[in-house]
Amino acid sequence: MVNKRLLFSGVGVCTILFAIMLVFFYSNSSPTSKLSEESKATKVISPKEEVLAQESILSTATLENIKGEVYIIKKDSNDEEQIKASNETKLVQGDRIVTKQDSSVRIVFNTDQKTLLGENSNVIIKELHDTNIGLHTVLTQVSGSLMSMGKHDDYTVETDGMTVTPNGTNFYVTIDPTTQQTTIFVASGIVSARPQGNQGLKQVDIYPSQQISVNPQSNNDHDITYGTVDIPTLVSIADPVILEGLLKNKAEIDKENQELVEELNGNTTPPPLLSDPALLREYLSNIQNMLGNLVLEASKQNKFNKEEIENIIDEANKETKDLNNKIDLDNVKPIVDLGSMNAKEVLEAMKKQQEANTASGINTQPNPVTGQVDNQITQEKQKKIEEQRKEMEQKKKLADQLQKQAEEQNKKKLEEIKKKELEKQKKKLEEIKKKKLEEQKKLQEQLEREKQEAREKQLAKELEDKREQEELDKKSKEFHDSILRLELESKVTKLIDLKLKASDGVIAIDLSSIFINTPSVTYQIMSADTKLVTGTIQNSQLLITPVSIGETKLTFVVKSGDVSVTKTFNVLVEDVPQNGPVSLKFYDNDPVAGQLGGEINLIKAEVEDDITGYVYYWVDDSKNKLGIITTVDKSDVRYTLPMSTLVPEGATGILAVSRNQTGESSAYSYVLINDLQKMHVQPIENQKLMVGQTKLIDLSQTFIDVTGGFIDSNDSLFYHNYQFEEETSNEEVGRGYVDGGFHIEGNQPGTTQITITLTNRNTRESVTTSFELVVEELPLPDYGPGKLTFIDMNPLARQLSGTINLEKAEDEAIISSYVFYWANSKKEKIGDKLVEIDKTGENMTYSLPPTDIVNEATGIVAVSKNNTGESSLYSYLEIIDLQQLHVKTPIETQRILVNETKLLDLSQTFIDETGELVNINDDLFYEKYDIELTSNDEEVGRAYDDGGFHIEGSLSGVATITIKLIDKQSGESVSTTFELVVEEKLPPIFIIGTL
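Every chain begins its residue count from 1, and numbering advances along the sequence as written. At least 70 in pLDDT is required for a residue's local features to be given in this predicted model, at least 80 for side-chain atom pairs to be given and counted, and no such filter applies to totals for whole chains, interfaces and linings, which use all residues. Excluding hydrogens and water, the side-chain figures rest on all heavy atoms present in the structure.

Looking at an unreviewed UniProt entry, the chain carries the name FecR protein, with the source organism given as Litchfieldia salsa.

(A) Representation of the overall build of the chain in the model. Starting at the N terminus, helices and strands are each numbered in turn, a helix being any DSSP run of H or I of at least four residues and a strand any DSSP run of E of at least two. Along its length, the chain carries 12 helices and 58 strands. Taking all 995 residues of the chain together, the buried fraction comes to 41%. Should any heavy atoms of two residues lie within 4.5 Å, those residues are considered in contact. Considering only contacts within the chain whose residues lie at least 6 apart along the sequence, 60% involve residues at least 24 apart. The cut-offs for exposure are 20% and 50% of the maximum accessible area for each residue type, with area from a 1.4 Å probe on protein chains only; residues under the lower value are buried, those over the upper are exposed, and the others partly exposed.

(B) Broad picture of the sheet that holds strand β56 (residues 949-953). Across the sheet, which stays open at both edges, the three strands sit in the order β52-β56-β55 with antiparallel pairing between neighbours. At either end of the open sheet lies a strand with only one pairing partner, and these are β52 (901-904) and β55 (941-945). Averaged over all pairs of adjacent strands, the angle between their axes in this sheet comes to 25 degrees, without regard to strand direction. Two strands are counted as paired when DSSP detects at least two bridges linking them. To define axes, lines are fitted to C-alpha atoms, for helices over the stretch in contact only, and angles between the resulting N-to-C directions are given on a 0 to 180 degree scale.

(C) Molecular detail of the packing of helix α6 (residues 250-265) against helix α7 (residues 277-300). It is at 10 Å that the axes of α6 and α7 come closest, and there the two elements cross at 170 degrees. Here α7 runs roughly antiparallel to α6, going by the angle between their axes. Every residue of α7 that contacts α6 at Lys250, Ile253, Asp254, Asn257, Leu260, Val261, Leu264 and Asn265 is listed here: Leu280, Tyr283, Leu284, Ile287, Met290 and Leu291. For the contact of α6 with α7, a count of residues per class yields 10 nonpolar, two polar and two charged. The scheme is simple: roughly parallel for angles under 35 degrees, roughly antiparallel for over 145, roughly perpendicular for 65 to 115, oblique for anything else. Residues are grouped as follows: Ala, Val, Leu, Ile, Met, Phe, Trp, Tyr, Cys and Pro are nonpolar; Asp, Glu, Lys and Arg are charged; every other residue, Gly included, is polar.

(D) Representation of the packing of aromatic side chains within the structure. Stacked, edge-to-face and tilted labels apply to pairs of Phe, Tyr and Trp rings (six-membered ring for Trp) whose centres lie within 6.5 Å, assigned for plane angles under 30 degrees, over 60, and everything in between, in that order. For the structure shown, the criterion picks out 13 aromatic pairs. Relative to Phe171, the ring of Tyr155 lies with its centre 6.4 Å away and its plane at 70 degrees, an arrangement referred to as edge-to-face. Here Tyr155, found in strand β11 (residues 154-158), pairs with Phe171, found in strand β13 (residues 171-175); they are 16 residues apart in sequence, far enough to count as distant. Summarising the burial analysis for this pair, Tyr155 and Phe171 share the class buried. For the pair Tyr616 and Tyr639, a centre-to-centre distance of 6.5 Å together with 45 degrees between the ring planes defines the contact as tilted. Residue Tyr616 is located in strand β29 (residues 613-619), and its partner Tyr639 is located in strand β31 (residues 639-646); the two are separated by 23 residues in the primary sequence. By way of ring pairs, the aromatic residues Phe703, Phe718, Tyr719, Tyr722 and Phe724 are connected into one cluster. The ring of Tyr617 is capped by Lys625, whose NZ or CZ atom sits 4.3 Å from the centre of that ring. Charge-over-ring contacts are defined here by two conditions on Lys NZ or Arg CZ: a distance within 6 Å of the ring centre and an angle within 35 degrees of the ring normal.

(E) Summary view of the confidence of the model for the chain. Put simply, the chain has an average pLDDT of 84, and 87% of its residues get 70 or more. By mean pLDDT, helix α2 (residues 37-41) is the weakest element of the chain at 34, and β29 is the strongest at 96. Across residues 1-55, where pLDDT falls below 50, the model places 55 contacts with residues more than four positions away in sequence or in other chains. The predictor's confidence in any single residue is recorded as pLDDT, a number from 0 to 100. Ignoring residues within four places in sequence, the model shows residues 362-378, a span with pLDDT below 50, making 40 contacts including any to other chains.

(F) Quick look at a negative patch on the surface. A contiguous patch of negative charge, built from Glu307, Glu308, Glu310, Asp314, Glu315 and Glu319, is present on the exposed surface. Take Glu308: it is sitting in helix α8 (residues 306-318). Overall, the relative accessible area of 38% leaves Glu308 in the partly exposed class. Patch construction takes residues with relative accessible area above 30% that form no salt bridge. Like charges are linked within 9 Å, and nonpolar side chains (Val, Leu, Ile, Met, Phe, Trp, Tyr) are linked within 5 Å. Calculation of accessible area relied on Shrake-Rupley with a 1.4 Å probe; when residues are assessed, cover is drawn exclusively from the protein chains displayed. What counts as a salt bridge is simple: a side-chain nitrogen of Lys or Arg found within 4 Å of a carboxyl oxygen of Asp or Glu. Positive charges come from Lys and Arg alone, negative charges from Asp and Glu alone, with His and the N- and C-terminal ends not counted. Each charge is placed at NZ for Lys, CZ for Arg, CG for Asp and CD for Glu.

(G) Looking closely at the packing of helix α5 (residues 240-248) against α7. Two elements in contact, α5 and α7, have axes separated by 11 Å at closest approach and are oriented at 145 degrees. Here the hand of the crossing between α5 and α7 comes out left-handed. Contact residues: α5 offers Leu243, Leu246 and Leu247, while α7 offers Leu291, Leu294, Val295 and Ala298. Handedness of a helix crossing follows the sense of rotation of the near helix relative to the far helix, less than a right angle counterclockwise being left-handed and clockwise being right-handed.

(H) Spatial organisation of the UniProt feature "coiled-coil region" (unreviewed entry) in the chain. What UniProt calls "coiled-coil region" (unreviewed entry) maps, in this numbering, to residues 306-333 and 375-473. End-to-end, the C-alpha atoms of residues 306-333 are 21 Å apart, and along that stretch the chain is 46% helix and 0% strand. UniProt positions are given in the numbering used here, feature names are shortened, and annotations may be inferred rather than shown by experiment.

(I) Representation of the nonpolar core. One finds Leu91, Ile97, Ile107, Phe109, Phe171, Ile184 and Ile212 to be the most contacted residues of the largest nonpolar core, which totals 35 residues. Other than its neighbours up to four places away in sequence, Ile184 contacts Met162, Val164, Phe171, Tyr172, Val173, Ala193, Ile206, Gln210, Gln211 and Ile212. Definition used in this section: a nonpolar core is a set of buried Ala, Val, Leu, Ile, Met, Phe, Trp, Tyr and Cys residues joined via side-chain atoms within 4.5 Å.

(J) Representation of the side chain of Glu608 within the structure. When you line up the elements, Glu608 lands in the loop between β28 (595-603) and β29. N or O atoms closer than or at 3.5 Å make up a polar contact, with two conditions inside protein: a donor-capable atom paired with an acceptor-capable one, and, for residues adjacent in sequence, both atoms drawn from side chains. There is a polar contact of 2.6 Å between the side chain of Glu608 and the side chain of Tyr614.

(K) Here's a closer look at the sheet that holds strand β43 (residues 788-790). Reading across from one edge, β43-β44-β47 is the order of the three strands in this open sheet, with antiparallel pairing throughout. Only two strands of the sheet have a single neighbouring strand rather than two, namely β43 and β47 (844-852). Across the sheet, the mean angle from the axis of one strand to that of its neighbour is 25 degrees, orientation sign disregarded.

Next up, the structure:
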């Protein structure tokens, strides 16, 4: 590979020098040097010039695969003048490409040369033109990352840290945004890197799976690192787009690397770090495993999701024919770190290799100090150069022939150009002449049009002036008329609504005093109803004549010139009614003295044309009005004086007159007041009872005397002044009776009427009131009792005794008692009632005597009851039977002497839960029971078991003995205590006497 590069470079240099000489000779001897500028623009390029390229030709590049935000900054523009890029955007020399966050773009220079930019990249196309050796490209990378792909003819990437010239296909350049460190990673081919500013290391070649990092801000040899690629670090800093691009080019990378492997396995000198054959073998393995490790690490660092990784691997493997070279993440061999060197170490390694090559007659590496190849050429090289020289002589000969042919062709072409130029100039002169004639004709036509337009404009102006004057006159008249209209409208407002009496006669209004200084004025008056009001104009007088009572409208029109104003106003003709009511009647229905109540009856006036209604007044003996009672419309003159209406002081009668809008008639009707005064009642409401119920009826607010006061049946003098009489229509249903008050009682379901008559014993005046008594069957209680509680105090099995507690029902209105029953587990009553107790007090208690539990009974149920029956609602309590040992007969206090013992009989003391006596003399007693005997003071006396239960006295005094019986099976026990009184023995008493 290196030998090929040297050969290509030598041939290229010779070819360029030879081309320059030919071009110089050709340009000095060319007969076309005196051609016009236009002919120079159409100069024919000779075949020799096509082969040797006299001048480089500017080229363009294209953008594709734009993702995110990508912008172009043109040469000599500031950074703010950004043009948003799109696919197919053309790039030229001097353009700057800028990618934003999460953005990328691919630059296509030609079908074989492409460059991929990652996010946050800033790259300038410094140079871009075609040359004799191909496309010359120089990129200045300011920031970000780029990956170069394809074959490169003359391609350079410059950064602040180094200059990169590839002789291969795929390599990656990235600039750290913080430290500005430049890192180059080579995937295939060989890339020459020239660090900037380093005085020692001028140039070093980077091979596939190797990288170099340079800090441009330092001249220290240790800030340049050259060696095996650091896969984890590379993946962590690499844009996913770059990684994907590398992996998608796997087939191309594999192919180029295979060619390099074959060269390295031959006699080609290995790169620095790999002079050892063992290291070289490891390096060749690294090349093969490089892409697999990139995919594996990208997966570990989540650069792609699982689906993306699978797609990338599938696409990469699809173009790989060698099954052993396909990517398999389960079988990826790790990259072997073959070490790294700084600049000084690389320089020493290159010197040693150069010395070794020189000794063997081979010199393929640039001098590490000068960067030039030493002038030591092997015989094989000399042979190749001689072959190249011969090939160049042949090419020169061919070029001379082509040059001669080109000169002849150029001569013919120049003659043709001159001929065409003359024809072109002649044709151009004719065109100019024709164009001038056409312009003169157009100018003349334009002048005619302008004159015609001027005449039309003048005529239009005259018509417009005339229209404006007419409009002005019209507006002036309209303005004058509007002023006149405002004046007339202002004056006509003085004609207002009128209220007249029929007896007033003709009303005259002087119009001349209203419309002063109004020129050429005329008047007109019209009545909406001439039967009520008429209007006429006499000279300047408006005459209005009321005809009959009513209301109508008069329309007045005043006109001056072309302006007329209309005013409509109301005229009301009125007068008091001429006729009064025919008659008036009133009968008092209020029995209280000084109070009235009843209907006022009025016979209306015979003629009501001028009447709208009637008015009722209170009047005295002289018919002087004392106050208004009410007013009524003539359509309905009925009026009922409310009961308990007080008669005003001095009032003796009621007077009625007719009325209308004007006033009241002088004619009237009158009726004398006749005050009704008698006893009366407040009706008793109908009553409702249940069968067997009685109720006291309060009559203190029922009977009223003539003064309006209640007759109190509870008064001590009531029965002295009054007497009651009661009558019942059906006493089998119910009745009323007097017993310290008036009572009613219900006997059987049905309805009866009770009548009460109150008679004044002094005046014999009486008053009666009746009401219905409805007697209904008493319903079952609708409320059951509340909570039921009971604790058994009876120790015998199947026998209860204790206190039953029962909360009363929430509402006891129709409850008379509560009943207790035995109940089974379904809460169903068993047998007859256990006990019934009346409702008394707040809550119910009942002391249950010792009572046997009936068969199947598991609890007690309580219900509410009245005369009809028992409630369906109940309260239930489950029985908890005490069932325990107990004492039947407590032991009485025992008295013994000191040192005396006594046998106690316990056969009647204890009873078991079945009620049987516990026989302490039974042979099985001690198998079932234990006995504990204790004394609170054993110095006085004690109890003990010695084939029987004994007590013993030791000292005089009193001790408490406790006997405790314990059931061994259940652990249940019962105790009884008694006092033991121990006394001293009395000395013998001797009786002395005679018989």
